[in-house]
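# Summary of the model geometry
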Amino acid sequence: MSAVGAVRRDGGGAPSAGPGASPLEALRVPAELSARVPAEERGAGRDDVRLLVTRGTAVSHHAFRELPGRLRAGDVLVVNTSATLPAAVNGRVGGDRVVVHFSTRGEDGRWAVELRAPGGSGATAPRPGGPAGAVVRLPGGRELVLEEPVGGTLSGGPDRRRSPGPALGARLWWARVPDRVPELLRRYGRPIRYAYTERDQPLSAYQTVFAVPAPDGSGSAEMPSAARPFTAALVSRGVQFAPLSLDTGVASAEAHEPPYPERFAVPSTTAWLVNAARAAGGRVVAVGTTAVRALESAADAEGVARPAAGWTDLVVTPRRGVRAVDGLLTGLHEPQASHLLMLEAVAGREALRRGYEAALERRYLWHEFGDVHLILPDEERNSPDCFSN
(Lines give C-alpha, C1' and ligand atoms only; values in the text may rest on other atoms or scores of the structure.)
Protein backbone atom coordinates (compact mmCIF):
# COMPACT_ATOMS: atom_id res chain seq x y z
CA MET A 1 0.00 0.00 0.00
CA SER A 2 1.33 3.43 -0.89
CA ALA A 3 2.45 5.57 2.05
CA VAL A 4 1.22 8.89 0.68
CA GLY A 5 2.49 11.85 2.68
CA ALA A 6 5.12 9.71 4.37
CA VAL A 7 7.47 11.61 6.67
CA ARG A 8 10.44 9.92 8.30
CA ARG A 9 12.89 11.23 10.89
CA ASP A 10 16.31 10.22 12.12
CA GLY A 11 15.97 7.07 14.21
CA GLY A 12 17.95 8.71 17.03
CA GLY A 13 15.63 11.70 17.47
CA ALA A 14 15.46 15.09 15.84
CA PRO A 15 17.96 15.54 13.02
CA SER A 16 21.10 17.37 13.98
CA ALA A 17 23.84 17.42 11.39
CA GLY A 18 25.27 20.88 11.49
CA PRO A 19 28.81 22.18 11.00
CA GLY A 20 31.43 20.29 13.01
CA ALA A 21 29.54 16.97 12.87
CA SER A 22 31.46 15.68 9.85
CA PRO A 23 33.93 12.84 10.40
CA LEU A 24 36.36 14.57 7.98
CA GLU A 25 36.23 18.12 9.26
CA ALA A 26 40.01 18.22 9.81
CA LEU A 27 40.68 17.62 6.08
CA ARG A 28 41.22 20.57 3.76
CA VAL A 29 40.42 20.46 0.05
CA PRO A 30 42.60 22.83 -2.00
CA ALA A 31 40.63 25.24 -4.19
CA GLU A 32 42.32 23.91 -7.32
CA LEU A 33 40.59 20.55 -6.80
CA SER A 34 37.16 22.08 -7.45
CA ALA A 35 35.87 21.00 -10.86
CA ARG A 36 35.26 24.34 -12.57
CA VAL A 37 33.74 23.10 -15.84
CA PRO A 38 31.85 19.93 -16.91
CA ALA A 39 33.88 16.84 -17.71
CA GLU A 40 33.11 17.07 -21.43
CA GLU A 41 34.95 20.40 -21.52
CA ARG A 42 37.98 18.82 -19.85
CA GLY A 43 38.08 15.53 -21.72
CA ALA A 44 36.24 13.19 -24.06
CA GLY A 45 32.77 13.16 -22.56
CA ARG A 46 30.57 13.09 -19.47
CA ASP A 47 31.91 9.73 -18.43
CA ASP A 48 35.51 10.93 -18.68
CA VAL A 49 35.86 11.22 -14.90
CA ARG A 50 37.64 9.10 -12.34
CA LEU A 51 36.02 6.53 -10.09
CA LEU A 52 37.31 6.09 -6.55
CA VAL A 53 36.18 2.72 -5.14
CA THR A 54 36.20 1.91 -1.45
CA ARG A 55 35.29 -1.67 -0.59
CA GLY A 56 35.38 -1.67 3.15
CA THR A 57 38.70 0.01 3.97
CA ALA A 58 40.34 -1.11 0.70
CA VAL A 59 40.76 1.69 -1.86
CA SER A 60 41.22 1.37 -5.63
CA HIS A 61 41.22 3.78 -8.56
CA HIS A 62 39.40 3.41 -11.87
CA ALA A 63 37.87 5.25 -14.79
CA PHE A 64 34.12 5.78 -14.49
CA ARG A 65 33.60 3.70 -17.64
CA GLU A 66 34.77 0.72 -15.59
CA LEU A 67 31.77 0.99 -13.24
CA PRO A 68 29.90 -2.05 -14.69
CA GLY A 69 32.95 -4.16 -13.89
CA ARG A 70 32.71 -3.17 -10.22
CA LEU A 71 29.16 -4.58 -10.00
CA ARG A 72 27.86 -8.12 -9.73
CA ALA A 73 24.97 -10.10 -11.14
CA GLY A 74 21.84 -9.20 -9.19
CA ASP A 75 22.97 -5.71 -8.16
CA VAL A 76 20.52 -2.86 -8.65
CA LEU A 77 21.39 0.82 -9.08
CA VAL A 78 18.71 3.13 -7.67
CA VAL A 79 18.59 6.41 -9.62
CA ASN A 80 16.85 9.75 -9.11
CA THR A 81 14.83 10.82 -12.17
CA SER A 82 14.10 14.36 -10.96
CA ALA A 83 14.89 16.93 -13.65
CA THR A 84 16.97 20.01 -12.83
CA LEU A 85 15.16 23.34 -13.03
CA PRO A 86 16.58 26.65 -14.28
CA ALA A 87 15.94 27.80 -10.72
CA ALA A 88 17.92 31.08 -10.57
CA VAL A 89 16.09 34.26 -11.63
CA ASN A 90 17.20 37.90 -11.39
CA GLY A 91 15.08 40.25 -9.28
CA ARG A 92 15.05 43.46 -7.27
CA VAL A 93 14.15 44.29 -3.68
CA GLY A 94 13.71 48.03 -3.56
CA GLY A 95 16.77 49.39 -5.32
CA ASP A 96 18.91 46.31 -4.69
CA ARG A 97 19.57 43.63 -7.25
CA VAL A 98 19.10 40.06 -6.03
CA VAL A 99 19.12 36.57 -7.48
CA VAL A 100 16.14 34.45 -6.47
CA HIS A 101 16.80 30.73 -6.07
CA PHE A 102 13.50 28.85 -6.34
CA SER A 103 13.96 25.84 -4.05
CA THR A 104 10.77 23.91 -3.37
CA ARG A 105 7.10 24.11 -4.32
CA GLY A 106 4.82 23.74 -1.29
CA GLU A 107 1.47 21.98 -1.19
CA ASP A 108 -0.35 25.31 -0.89
CA GLY A 109 1.19 26.77 -4.07
CA ARG A 110 3.84 28.83 -2.32
CA TRP A 111 7.52 28.33 -3.08
CA ALA A 112 10.49 28.20 -0.73
CA VAL A 113 13.03 30.68 -2.09
CA GLU A 114 16.47 31.95 -1.19
CA LEU A 115 17.57 35.49 -2.02
CA ARG A 116 21.23 35.84 -2.94
CA ALA A 117 23.43 38.84 -3.73
CA PRO A 118 24.78 38.89 -7.30
CA GLY A 119 28.55 38.57 -7.55
CA GLY A 120 30.94 40.06 -10.04
CA SER A 121 31.89 36.71 -11.58
CA GLY A 122 28.32 35.67 -12.31
CA ALA A 123 28.03 33.58 -9.16
CA THR A 124 26.21 34.75 -6.02
CA ALA A 125 26.96 35.49 -2.38
CA PRO A 126 24.88 35.08 0.80
CA ARG A 127 22.60 37.85 1.97
CA PRO A 128 20.35 38.13 5.04
CA GLY A 129 17.04 36.31 4.70
CA GLY A 130 13.67 38.10 4.74
CA PRO A 131 12.17 40.28 5.98
CA ALA A 132 8.54 39.14 6.03
CA GLY A 133 6.49 41.23 3.63
CA ALA A 134 9.43 42.08 1.34
CA VAL A 135 8.34 42.37 -2.29
CA VAL A 136 10.72 40.99 -4.93
CA ARG A 137 10.19 42.31 -8.45
CA LEU A 138 10.73 39.64 -11.11
CA PRO A 139 11.09 39.77 -14.91
CA GLY A 140 7.97 40.17 -17.00
CA GLY A 141 6.25 42.44 -14.48
CA ARG A 142 5.79 39.63 -11.95
CA GLU A 143 6.61 39.77 -8.23
CA LEU A 144 6.74 37.57 -5.18
CA VAL A 145 6.20 38.37 -1.50
CA LEU A 146 8.20 36.78 1.33
CA GLU A 147 5.89 35.48 4.08
CA GLU A 148 7.72 33.36 6.67
CA PRO A 149 10.91 31.32 7.16
CA VAL A 150 10.78 27.77 5.89
CA GLY A 151 11.53 26.53 9.41
CA GLY A 152 7.93 27.34 10.36
CA THR A 153 6.20 24.63 8.30
CA LEU A 154 7.01 21.35 6.66
CA SER A 155 5.49 21.66 3.22
CA GLY A 156 3.75 24.99 3.03
CA GLY A 157 0.47 23.12 3.28
CA PRO A 158 -2.58 23.72 5.45
CA ASP A 159 -1.57 21.25 8.15
CA ARG A 160 1.27 23.55 9.30
CA ARG A 161 3.33 20.70 10.71
CA ARG A 162 6.61 21.79 12.22
CA SER A 163 9.84 21.04 10.38
CA PRO A 164 13.29 20.60 11.94
CA GLY A 165 14.67 23.51 9.88
CA PRO A 166 15.70 26.75 11.60
CA ALA A 167 13.39 29.77 11.64
CA LEU A 168 15.46 32.66 12.96
CA GLY A 169 18.01 33.75 10.37
CA ALA A 170 16.73 31.20 7.88
CA ARG A 171 18.05 31.32 4.32
CA LEU A 172 14.87 29.90 2.83
CA TRP A 173 11.52 31.68 3.01
CA TRP A 174 8.05 30.70 1.93
CA ALA A 175 6.94 33.19 -0.69
CA ARG A 176 3.64 33.95 -2.34
CA VAL A 177 4.53 33.69 -6.01
CA PRO A 178 2.95 34.52 -9.37
CA ASP A 179 1.03 31.88 -11.27
CA ARG A 180 2.93 29.53 -13.57
CA VAL A 181 6.33 29.56 -11.88
CA PRO A 182 7.58 26.78 -14.23
CA GLU A 183 6.84 29.08 -17.16
CA LEU A 184 8.72 31.92 -15.42
CA LEU A 185 11.73 29.66 -14.88
CA ARG A 186 11.73 28.38 -18.46
CA ARG A 187 11.64 31.91 -19.83
CA TYR A 188 13.93 33.79 -17.45
CA GLY A 189 15.72 31.22 -15.32
CA ARG A 190 19.15 29.66 -15.47
CA PRO A 191 20.79 26.84 -13.46
CA ILE A 192 22.00 27.69 -9.98
CA ARG A 193 25.74 28.22 -10.10
CA TYR A 194 28.29 28.34 -7.30
CA ALA A 195 31.46 30.40 -7.11
CA TYR A 196 33.87 27.50 -7.65
CA THR A 197 32.61 27.06 -11.24
CA GLU A 198 34.27 29.02 -14.01
CA ARG A 199 31.26 30.27 -15.95
CA ASP A 200 27.56 29.78 -16.62
CA GLN A 201 26.57 26.52 -18.33
CA PRO A 202 23.41 25.65 -20.29
CA LEU A 203 20.66 23.77 -18.49
CA SER A 204 21.58 20.64 -20.47
CA ALA A 205 24.89 20.50 -18.58
CA TYR A 206 22.88 20.07 -15.36
CA GLN A 207 20.54 17.31 -16.58
CA THR A 208 21.35 13.65 -16.05
CA VAL A 209 20.56 10.94 -18.56
CA PHE A 210 17.85 9.72 -16.16
CA ALA A 211 15.99 13.06 -15.87
CA VAL A 212 12.25 12.94 -16.61
CA PRO A 213 10.41 16.29 -16.73
CA ALA A 214 7.42 16.37 -14.37
CA PRO A 215 4.01 17.20 -15.88
CA ASP A 216 3.47 19.98 -13.32
CA GLY A 217 6.87 21.55 -13.98
CA SER A 218 8.34 20.63 -10.60
CA GLY A 219 11.85 19.29 -10.24
CA SER A 220 15.17 19.83 -8.50
CA ALA A 221 16.70 23.19 -7.72
CA GLU A 222 20.09 21.51 -7.96
CA MET A 223 21.18 18.57 -10.11
CA PRO A 224 21.20 15.07 -8.59
CA SER A 225 24.83 15.15 -9.64
CA ALA A 226 26.05 11.64 -8.79
CA ALA A 227 24.31 10.41 -11.96
CA ARG A 228 25.83 13.05 -14.21
CA PRO A 229 28.68 10.85 -15.60
CA PHE A 230 26.24 8.22 -16.92
CA THR A 231 25.74 8.14 -20.68
CA ALA A 232 23.21 6.29 -22.82
CA ALA A 233 25.96 3.89 -23.89
CA LEU A 234 26.84 3.04 -20.30
CA VAL A 235 23.20 2.63 -19.29
CA SER A 236 22.77 0.04 -22.06
CA ARG A 237 25.53 -2.23 -20.75
CA GLY A 238 23.32 -4.61 -18.80
CA VAL A 239 23.17 -2.85 -15.46
CA GLN A 240 19.81 -3.04 -13.66
CA PHE A 241 18.36 0.38 -12.77
CA ALA A 242 15.47 1.19 -10.44
CA PRO A 243 14.01 4.72 -10.72
CA LEU A 244 12.62 6.95 -7.99
CA SER A 245 12.40 10.70 -7.56
CA LEU A 246 13.39 13.25 -4.96
CA ASP A 247 13.19 16.96 -5.79
CA THR A 248 16.26 18.54 -4.24
CA GLY A 249 16.05 21.94 -2.62
CA VAL A 250 18.69 24.65 -2.53
CA ALA A 251 21.79 23.58 -0.62
CA SER A 252 23.90 25.92 1.45
CA ALA A 253 27.53 25.82 0.38
CA GLU A 254 28.38 28.18 3.22
CA ALA A 255 26.45 26.81 6.19
CA HIS A 256 26.40 23.05 5.44
CA GLU A 257 22.97 22.73 6.98
CA PRO A 258 21.13 19.42 7.22
CA PRO A 259 18.67 19.01 4.35
CA TYR A 260 15.23 20.54 4.54
CA PRO A 261 12.11 18.42 3.89
CA GLU A 262 11.87 17.40 0.24
CA ARG A 263 9.21 15.80 -1.94
CA PHE A 264 9.89 12.22 -3.01
CA ALA A 265 8.23 9.23 -4.67
CA VAL A 266 9.23 5.56 -4.72
CA PRO A 267 7.09 3.64 -7.24
CA SER A 268 5.91 0.09 -6.69
CA THR A 269 8.18 -1.31 -9.43
CA THR A 270 11.26 0.12 -7.73
CA ALA A 271 10.21 -1.21 -4.33
CA TRP A 272 9.77 -4.64 -5.95
CA LEU A 273 13.18 -4.51 -7.69
CA VAL A 274 14.93 -3.50 -4.47
CA ASN A 275 13.27 -6.21 -2.40
CA ALA A 276 13.89 -8.85 -5.08
CA ALA A 277 17.56 -7.93 -5.34
CA ARG A 278 18.07 -8.15 -1.60
CA ALA A 279 16.20 -11.45 -1.37
CA ALA A 280 18.42 -12.91 -4.10
CA GLY A 281 21.66 -11.75 -2.47
CA GLY A 282 22.24 -8.77 -4.73
CA ARG A 283 23.32 -5.35 -3.55
CA VAL A 284 21.25 -2.17 -3.67
CA VAL A 285 23.53 0.69 -4.71
CA ALA A 286 22.06 4.18 -4.52
CA VAL A 287 23.22 6.69 -7.11
CA GLY A 288 23.52 9.83 -5.02
CA THR A 289 22.56 10.90 -1.53
CA THR A 290 19.13 11.91 -2.83
CA ALA A 291 18.42 8.30 -3.83
CA VAL A 292 19.47 7.14 -0.36
CA ARG A 293 17.17 9.64 1.32
CA ALA A 294 14.18 8.67 -0.82
CA LEU A 295 14.65 4.90 -0.60
CA GLU A 296 15.37 4.89 3.13
CA SER A 297 12.23 6.99 3.63
CA ALA A 298 10.24 4.20 1.96
CA ALA A 299 11.85 1.30 3.86
CA ASP A 300 10.71 -0.24 7.12
CA ALA A 301 12.95 -1.21 10.04
CA GLU A 302 13.83 -4.51 8.33
CA GLY A 303 14.85 -2.78 5.10
CA VAL A 304 11.77 -3.82 3.14
CA ALA A 305 10.93 -1.11 0.60
CA ARG A 306 7.33 -0.10 -0.02
CA PRO A 307 5.75 2.31 -2.50
CA ALA A 308 5.71 5.74 -0.92
CA ALA A 309 5.20 9.36 -1.88
CA GLY A 310 5.05 12.65 -0.04
CA TRP A 311 7.54 14.66 1.98
CA THR A 312 10.56 13.36 3.85
CA ASP A 313 12.60 15.04 6.55
CA LEU A 314 14.75 11.95 7.10
CA VAL A 315 18.40 12.64 7.86
CA VAL A 316 20.55 9.51 7.58
CA THR A 317 23.28 9.42 10.22
CA PRO A 318 25.61 6.70 11.54
CA ARG A 319 23.38 6.42 14.61
CA ARG A 320 20.33 5.69 12.51
CA GLY A 321 22.18 3.65 9.87
CA VAL A 322 20.88 2.46 6.51
CA ARG A 323 18.32 -0.28 6.09
CA ALA A 324 17.66 -0.79 2.37
CA VAL A 325 20.90 0.55 0.86
CA ASP A 326 24.07 -1.54 0.64
CA GLY A 327 26.30 0.79 -1.37
CA LEU A 328 26.47 4.32 -2.69
CA LEU A 329 27.77 6.09 -5.79
CA THR A 330 28.30 9.74 -4.96
CA GLY A 331 30.42 12.78 -5.64
CA LEU A 332 33.13 14.11 -3.37
CA HIS A 333 31.77 16.38 -0.65
CA GLU A 334 33.31 19.21 1.32
CA PRO A 335 34.74 17.99 4.67
CA GLN A 336 32.18 20.08 6.57
CA ALA A 337 29.16 18.89 4.58
CA SER A 338 26.36 17.19 6.50
CA HIS A 339 26.07 14.66 3.64
CA LEU A 340 29.21 12.99 4.99
CA LEU A 341 27.23 11.63 7.94
CA MET A 342 25.18 9.66 5.42
CA LEU A 343 28.36 8.41 3.76
CA GLU A 344 29.69 7.36 7.14
CA ALA A 345 26.45 5.45 7.78
CA VAL A 346 27.04 3.48 4.57
CA ALA A 347 30.82 3.08 4.62
CA GLY A 348 31.94 3.44 8.23
CA ARG A 349 34.21 6.18 9.56
CA GLU A 350 37.56 4.53 8.85
CA ALA A 351 36.64 3.57 5.28
CA LEU A 352 35.44 7.10 4.61
CA ARG A 353 38.63 8.60 6.02
CA ARG A 354 40.84 6.35 3.91
CA GLY A 355 38.85 7.06 0.78
CA TYR A 356 39.02 10.82 1.16
CA GLU A 357 42.71 10.80 2.01
CA ALA A 358 43.32 8.78 -1.17
CA ALA A 359 41.18 11.20 -3.18
CA LEU A 360 43.26 14.13 -1.95
CA GLU A 361 46.53 12.30 -2.58
CA ARG A 362 45.50 11.40 -6.15
CA ARG A 363 44.04 14.88 -6.73
CA TYR A 364 40.48 13.86 -7.54
CA LEU A 365 38.12 16.69 -8.49
CA TRP A 366 35.28 17.80 -6.21
CA HIS A 367 31.70 19.03 -6.69
CA GLU A 368 28.99 18.40 -9.30
CA PHE A 369 31.31 18.40 -12.33
CA GLY A 370 33.99 16.36 -10.60
CA ASP A 371 34.96 12.74 -10.02
CA VAL A 372 32.83 10.13 -8.25
CA HIS A 373 33.13 7.72 -5.38
CA LEU A 374 31.70 4.19 -5.25
CA ILE A 375 31.23 2.88 -1.71
CA LEU A 376 30.70 -0.88 -1.44
CA PRO A 377 30.35 -3.09 1.64
CA ASP A 378 33.28 -5.07 3.00
CA GLU A 379 32.41 -8.64 2.11
CA GLU A 380 33.93 -11.71 0.52
CA ARG A 381 33.25 -11.86 -3.21
CA ASN A 382 33.23 -15.43 -4.44
CA SER A 383 31.23 -14.71 -7.57
CA PRO A 384 32.90 -13.04 -10.56
CA ASP A 385 32.10 -9.51 -11.68
CA CYS A 386 29.39 -10.17 -14.23
CA PHE A 387 29.56 -7.01 -16.30
CA SER A 388 33.31 -7.01 -16.98
CA ASN A 389 34.41 -6.93 -20.59
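Up top you'll find the structure we're talking about.
Keep in mind it's a predicted model, so treat the numbers as computed, not measured.

Time to look at the overall build of the protein. Each helix and strand in the protein was counted, giving seven helices and 17 strands. Taken across its 389 residues, the protein has 55% of its residues classed as buried. Within the protein, contacts between residues at least 6 apart in sequence are counted, and of these 75% link residues at least 24 apart. Summed over its atoms, the accessible surface of the protein is roughly 15700 Å², and 52% of this surface lies on carbon and sulfur atoms.

Tallied over the entire structure, the rule returns eight aromatic pairs. Ring geometry for Phe64 against Phe230: centres 5.2 Å apart, planes inclined by 90°, an arrangement best described as edge-to-face. Here the residue Phe64 occupies a position in the loop between strand 3 (58-63) and strand 4 (76-80), and Phe230 occupies one in the loop between helix 2 (181-188) and helix 3 (232-235), the gap between them amounting to 166 residues. Centroid distance Phe210 to Phe241: 5.2 Å. Interplanar angle 50°. Geometry classified as tilted.

Here we come to the environment of Arg353. As for its position among the elements, Arg353 is in helix 7 (residues 349-361). In sequence terms Arg353 and Leu24 are 329 residues apart; their C-alpha atoms lie 6.7 Å from each other. In this structure the side chain of Arg353 is engaged in a polar contact, spanning 2.4 Å, whose partner is the side chain of Glu350. A distance of 2.8 Å separates the side chain of Arg353 from the side chain of Glu357, its partner in a polar contact.

Let us look at the packing of helix 5 (residues 289-297) against helix 6 (residues 339-347). In the contact formed by helix 5 and helix 6, the axes pass within 11 Å of each other and the chain directions differ by 70°. Considering their axes alone, helix 5 and helix 6 lie roughly perpendicular with respect to each other. At the point where helix 5 passes helix 6, the crossing takes the left-handed sense. Here helix 5 contributes Thr289, Val292 and Arg293 to the contact with helix 6, which in turn contributes His339, Met342 and Leu343. Considering only residue class, the contact of helix 5 with helix 6 consists of three nonpolar, two polar and one charged.

In this section: the nonpolar core. Ranked by internal contacts, the top residues of the largest apolar core, which has 43 residues, are Val78, Leu295, Tyr356 and Trp366. Elements that contribute at least two residues to this core include exactly strand 4, strand 12 (240-246), strand 13 (262-266), helix 4 (268-279), strand 14 (284-287), helix 5, helix 6 and helix 7. Here this core takes five residues from helix 6, the largest share from any one element. Non-local contacts of Tyr356, meaning those with residues more than four positions away in its chain, are made with Leu24, Leu27, Gly331, Leu332, His333, Leu340, Leu343, Trp366 and His373. In this structure, Ala87, Val98, Val136 and Tyr194 belong to the second largest nonpolar core, which totals 33 residues.

Counting buried positions over the nine residues of helix 5 gives nine, a clear majority of the element. Among the residues of helix 5, Thr289, Thr290, Ala291, Val292, Arg293, Ala294, Leu295, Glu296 and Ser297 are the ones counted as buried.

The full count for this structure, using the stated rule, is 26 salt bridges. Of the charged contacts in the structure, one is a salt bridge between Arg176 and Glu147, with a shortest N-O distance of 2.5 Å. Taken together, the residues span a long stretch of sequence, with Arg176 in strand 11 (residues 172-176) and Glu147 in strand 10 (residues 143-149) at a distance of 29 residues. Residue Arg176 is classed as partly exposed on the basis of its relative accessible area of 46%.

Quick look at the layout of surface pockets now. Here the second largest pocket is characterised by a volume of approximately 260 Å³. Lining the second largest pocket we find 16 residues, and of these Ala214, Ser218, Ser245, Asp247 and Arg263 sit closest to its centre. The element best represented in the lining of the second largest pocket is strand 13, accounting for three residues. Of the residues assigned to the lining of the second largest pocket, the class counts are seven nonpolar, five polar and four charged.

Let us look at the environment of Ser220. Position of Ser220 among the secondary structure elements: in the loop between helix 2 and helix 3. Each residue touching Ser220, except ones within four places of it in the same chain, is listed here: Ser82, Ala83, Thr84, Leu85, Leu246, Asp247 and Thr248. Engagement of the side chain of Ser220 in a polar contact is seen with the side chain of Ser82, the distance being 2.7 Å. Of the polar contacts made by the side chain of Ser220, one reaches the backbone oxygen of Leu246; its length is 3.5 Å.

On to the pairing of strand 17 (residues 372-376). Of all five residues making up strand 17, five are buried, and the element is well covered by its neighbours. By the alternation rule, side chains of strand 17 split into Val372, Leu374 and Leu376 and His373 and Ile375, which are all buried. Note: strand 16 (residues 327-331) against strand 17, four bridges, orientation antiparallel. Each residue of the ladder has a partner; that of Leu329, found in strand 17, is Leu374.

This next bit is on the environment of Thr54. Structurally, Thr54 is set in strand 2 (residues 50-55). Separated by 298 residues in the primary sequence, Thr54 and Leu352 have C-alpha atoms spaced 8.0 Å apart. Leave out the neighbours within four places in its chain, and Thr54 touches Val59, Ala351, Gly355, His373, Leu374, Ile375 and Leu376.

Cut-off values and rules
Residues numbered from 1 in each chain as written. Predicted model: local features only at pLDDT ≥ 70, side-chain atom pairs only at ≥ 80, totals over all residues. Heavy atoms only, no water. Helix = DSSP H or I, 4+ residues; strand = E, 2+ residues; numbered from the N terminus. Buried < 20%, exposed > 50% of the residue type's maximum accessible area, 1.4 Å probe, protein only. Contact = heavy atoms within 4.5 Å. Areas by Shrake-Rupley, 256 points an atom, 1.4 Å probe, with all protein chains shown as cover. Phe/Tyr/Trp six-rings, centres within 6.5 Å; stacked < 30°, edge-to-face > 60°. Polar contact = N/O pair within 3.5 Å; in protein donor to acceptor, adjacent residues only side chain to side chain. Axes fitted to C-alpha atoms, helices over the stretch in contact; angles between N-to-C directions. Parallel < 35°, antiparallel > 145°, perpendicular 65-115°, else oblique. Left-handed = near helix turned anticlockwise from the far one by under 90°. Nonpolar A, V, L, I, M, F, W, Y, C, P; charged D, E, K, R; others polar. Core = buried A, V, L, I, M, F, W, Y, C linked by side-chain atoms within 4.5 Å. Salt bridge = Lys/Arg side-chain N within 4 Å of Asp/Glu carboxyl O. 1 Å grid on protein atoms, 1.4 Å probe; cavity = no way out; pocket = protein on both sides within 12 Å on 5 of 7 lines; lining within 4 Å. Points joined across faces, edges and corners; volume = space filled by probe spheres on them. Pairing = 2+ DSSP bridges.

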